[in-house]
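# Architecture and fold: a report
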Amino acid sequence: MSKHLVIVESPAKAKTIEKYLGKDFQVLASYGHVRDLVPKEGAVDPSHDFAMKYEVIERNQKHVLAISKALKAADTLYLATDPDREGEAISWHLYELLNDKKLLKDKPVHRVVFHEITKKAVTDAIAHPGVLATNLINAQQARRALDYLVGFNLSPLLWKKIRRGLSAGRVQSPALRLIVERELEIEAFKSREYWTVNAALTADGQAFKAKLIQFDDEKVSQFTITDQDRAEQVKQVLLEAADGKLLVTKLDKKQQKRNPAPPFITSTLQQEAARKLGFTTKRTMMVAQQLYEGIDIGGETEGLISYMRTDSVNLSEEAVQDIRAFIGENYGLTNVPKEPRLFKTKAKNAQEAHEAIRPTSIRRVPAAIKGHLSAEQFKLYELIWKRTIACQMIHATLNLIAVDLSCANGKHIFRATGSSIAIPGFMTVYLEGKDDSNEGDDKESFLPQLHEGRPVPLNDILTGQHFTEPPPRYGEASLVKSLEEYGIGRPSTYSTIISTLQNRDYVTLDNKRFYPTDVGRIVNRFLTEHFTKYVDYSFTANLEDELDAVSRGEKDWIPLMHEFWKPFTALIDEKEGSVQRKDITQEAIDEKCPECGNPLSIRLGRNGRFIGCTQYPGCSYTRNLGDDGDSTEQADVVEGRVCPECASPLVLKAGRYGKFIGCSGYPKCRHIEPLEKPLDTNVDCPQCQTGSLLKRKSRNGKIFYSCSAYPKCNYALWNAPIKEACPECQWPILTIKVTKRNGVEKVCPHKECKYATPYEGDPEDAQGPK
């Protein structure tokens, strides 16, 4: 019989730990939380200091029975759940359940905490046990009580005022507000036209460009030139003034240092995995959990990373020493800084987990264990490993150059900028991703050798038309970043927040961007207009800070609950009587009904929002939201074009993804086409071999190349294709790729092939027709 019983959350974790502890220990899993609030009204009683009624979660009933049976034969109980609020709560609930069953009589109970699942960490924790952290338990109880009270009181109000089946959450509602407000900002955005003017130059046989920054002694700003006629005037003046050459009047060279990013915390791991790997927050946390709990790497099961729910950027002294030694051995001593890098934790409550996310052994190189990992596990482990290595390497040094070229005795000035990597440092291993970066962000500008006071041949003056663009919609990475900046929720809850919004059908994720649904918009409108305080970003953040203060023992949770509950329940009672359903589900518009002359309004129906008469059911006039009553009169007609399907006039329309051309005969005719016609690269599609690759622009303005036979063929590329077969795998095409690290290369786009070679031509030649 076992003398000691150890309880953890998951069977995978239990299996790994039992191997470390030997035959005197039995390790069982609770399979997550073992009990929760009873799922009905009255589970939290505000009149009795928020007393809570719990019950065992039905699916875990058998696991509680197994733990109870094993405890009868054990001398000691070790509660070894995760080292955070959730883990502390699971241990406390188990303790309470077992104590109620009178199974803990005369048996020592210990709380053990470890931040990585390695033999050393686990055995050290067992050898130095602690007790349950009351403050963490109280903080978790307060959070659970708040979530219950908000949900059970606000959700029925949504049922009455909007429609049945809706619900609201304490932290999900401010997150929904972020997404809806961004969408409203995009819809209200007015695009402005502007033009840029560049000089096309050549020096030492290398072509490069310089941007006009001063014209006729006046600084050129974004909206200095706003139409084609003015752009052509400026072009002619510059061509005459330059007379075939520009003079180098100023040349600045300097070096810039770039420091590595800190090691991962939960939120930055979620953001970077979304940017670099395309993982959702839920997927990232699921794979990270697998890496933490232990993987069999050839007969030996080890946790590969430290605990993945953490706000701390600290690394243990032992880990830092090992990382520095590894860098010196594998990347050279010149890449090891004189002193270890220390990073400051931004989070106010980072003591819940004492280390950043890192490999449990930096010497466990990703390539060496790739065969034991799934594709997802390998990608995430490699990302964590590289970030950890990079954070302890020397800074990167960049050479920056800025050149001013002028004509007409300095009345007109162009500027060219370029950079190159002098010392790569940490960039040898890892470079942090960016949100909403265009393809151009990763391009490098290499300038030829230029000398102050010398002329440079001018090939041409190039003008370019542009339009300002609205802010991008949130993706998972940018939403997590904003949630963290506003202090909404905590990193361990971000995945749940996003999943909840999607499961409630308040938002949809399309092409990795969040769009609010019609129901989401209405719910947000109701909450922002009538429960303004409770979806306010600062209120939510301050409440999170107060809950963190409870977990630190600085504040009592019961007075905090009373402070929240009294005004909240009073507001619920007030809105119950003062708000009518039509106030929320109908939105007045400045338009009369064409059938009865009464005002029209935007209404919410089963299938979303629509426009209908306010006199319903007396008048049954309706139409789709976005359809104009007389589209040919109100919309801009495309001159000289008719619909190829029905011969009706074509008109400019605005939809969910921006402007497009559509048939004025809608809804009878549904013909649509893009505003900008895709340009043919004349490169045959290598996948279907019938279509050709077209140069297109994505919804956020990013250039990509896809098959003309879409949707029958879904082949697409980010890099410009060229008619040249890969010499290694014989794939029919190659692409031109430009990066800071490798410059301009010809690269095989076939996934299985790694062929890449320097490209000698101008990368713009491969972009297709201009």
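Below you will find a few notes about this structure. (Residues numbered from 1 in each chain as written. Predicted model: local features only at pLDDT ≥ 70, side-chain atom pairs only at ≥ 80, totals over all residues. Heavy atoms only, no water.)

Assigned secondary structure in the protein consists of 19 helices and 35 strands. By its C-alpha atoms, the protein is 100 × 85 × 50 Å across when sized along the principal axes. Burial analysis of the protein (770 residues in total) assigns 49% to the buried set. Considering only contacts within the protein whose residues lie at least 6 apart along the sequence, 66% involve residues at least 24 apart. With an accessible surface of roughly 38,900 Å², the protein has 48% of that area assigned to carbon and sulfur atoms. Of note, the protein has its 106 positive side-chain charges centred 3 Å away from the centre of its 103 negative side-chain charges. (Helix = DSSP H or I, 4+ residues; strand = E, 2+ residues; numbered from the N terminus. Buried < 20%, exposed > 50% of the residue type's maximum accessible area, 1.4 Å probe, protein only. Contact = heavy atoms within 4.5 Å. Areas by Shrake-Rupley, 256 points an atom, 1.4 Å probe, with all protein chains shown as cover. Lys, Arg positive; Asp, Glu negative; His and termini not counted. Charge placed at Lys NZ, Arg CZ, Asp CG, Glu CD.)

Once that is clear, we can look at unusual backbone geometry. Following tyrosine 616, the chain continues into proline 617 via a peptide bond in cis, with omega recorded as 10°. Tracing the backbone shows proline 617 in the loop between strand S22 (608-613) and strand S23 (622-624). One non-glycine residue, phenylalanine 50, lies in the positive phi region at around 60°. Tracing the backbone through its elements, the reader meets phenylalanine 50 in the loop between strand S4 (44-45) and strand S5 (51-52). The backbone of alanine 647 shows a phi angle near 70°, a positive value even though the residue is not glycine. Along the polypeptide, alanine 647 turns up in the loop between strand S24 (637-642) and strand S25 (649-655).

With respect to burial, strand S33 (residues 734-739) is a largely interior element, five of its six residues being buried. By the bridge criterion, three bridges tie strand S32 (residues 720-722) to S33 in an arrangement that is antiparallel. Pairing of isoleucine 722 across the sheet is with leucine 734, part of S33. Note that S33 and strand S34 (residues 743-747) share five bridges and pair antiparallel. Across the sheet, residue threonine 735 finds its bridge partner in S34, namely valine 747. (Pairing = 2+ DSSP bridges.)

Turning next to the environment of glycine 244. Inspection of the secondary structure puts glycine 244 in the loop between helix H7 (228-242) and strand S12 (245-258). Linking glycine 244 and valine 336, residues 92 residues apart in sequence, is a C-alpha distance of 50 Å. Glycine 244 has contacts with Val456, Pro457 and Leu458, leaving out every residue within four places of it along the chain.

Turning to the side chain of histidine 530, a few remarks are in order. With respect to the helices, strands and loops of the structure, histidine 530 is situated in helix H15 (residues 518-530). A distance of 3.4 Å separates a polar atom in the side chain of histidine 530 from a polar atom in the side chain of lysine 575. Apart from residues lying up to four places away in sequence, histidine 530 is in contact with Leu571, Lys575, Val579 and Ile584. (Polar contact = N/O pair within 3.5 Å; in protein donor to acceptor, adjacent residues only side chain to side chain.)

It helps to recall that an α-helix has 3.6 residues per turn; residues three or four apart then point in one direction. For H7, which comprises 15 residues, the first-to-last C-alpha distance of 21 Å matches the rise-based estimate of 21 Å (1.5 Å per residue) to within 8%. Inspection of H7 places Ala231, Val234, Lys235, Leu238 and Ala242 among the buried residues, and these make up the whole buried set. Buried residues of H7 fall within an arc of 105° about the axis and therefore sit on the same side. Opposite the packed face of H7, turned more than 90 degrees from it, sit the exposed residues Asp229 and Glu240. For H7, the elements touching its buried residues are strand S9 (193-203), strand S10 (206-215), S12, strand S15 (396-407), strand S16 (412-423) and strand S17 (455-467). One or two residues past the end of H7 sits aspartate 243, with phi positive at roughly 55°. (Expected span 1.5 Å × (residues − 1). Arc of directions from axis to C-beta.)

One pass over the structure, following the stated rule, counts 34 salt bridges. One salt bridge in this structure joins glutamate 544 and arginine 170, with 3.2 Å as the shortest N-O distance. Remark: arginine 170 occurs in the loop between helix H5 (134-161) and helix H6 (172-188) and glutamate 544 occurs in helix H16 (residues 537-551); sequence separation between them is 374 residues. Residue classification places glutamate 544 among the buried residues on the basis of a relative accessible area of 1%. Across the pair aspartate 404 and arginine 415 runs a salt bridge whose closest N-O atoms are separated by 2.7 Å. Separated by eleven residues along the polypeptide, aspartate 404 in strand S15 and arginine 415 in strand S16 bring together distant segments of the chain. Salt bridges sharing partners connect three or more residues here, namely Arg85, Arg143, Asp147, Arg170, Glu544 and Asp548. (Salt bridge = Lys/Arg side-chain N within 4 Å of Asp/Glu carboxyl O.)

Its place among the elements puts glutamate 88 in helix H3 (residues 85-100). Residue glutamate 88 is classed as buried on the basis of its relative accessible area, which comes to 4%. Each C-alpha atom of the pair glutamate 88 and asparagine 135 lies 9.7 Å from the other, and the pair is 47 residues apart in sequence. With residues up to four places along the chain from it excluded, the contact list for glutamate 88 reads Thr81, Asp82, Arg111, Val131, Leu132, Ala133, Leu136 and Ile137. There is a polar contact of 2.8 Å between the side chain of glutamate 88 and the backbone nitrogen of alanine 133.

Right, let's talk about the packing of aromatic side chains for a bit. Taken as a whole, this structure holds 16 aromatic pairs when the rule is applied. With centroids separated by 5.1 Å and ring planes inclined at 65°, the aromatic side chains of tyrosine 292 and tyrosine 307 adopt a geometry described as edge-to-face. Residue tyrosine 292 is found in helix H9 (residues 281-293), and its partner tyrosine 307 is found in the loop between strand S14 (301-302) and helix H10 (317-331); the two are separated by 15 residues along the sequence. Of the two residues, tyrosine 292 and tyrosine 307, neither departs from the other in class, the shared state being buried. Looking at arginine 177, its charged tip hangs above the ring of tyrosine 537, at a distance of 4.2 Å from the centre. (Phe/Tyr/Trp six-rings, centres within 6.5 Å; stacked < 30°, edge-to-face > 60°. Lys NZ or Arg CZ within 6 Å of the ring centre and 35° of its normal.)

Limitation: the analysis is restricted to geometry and does not speak to function.
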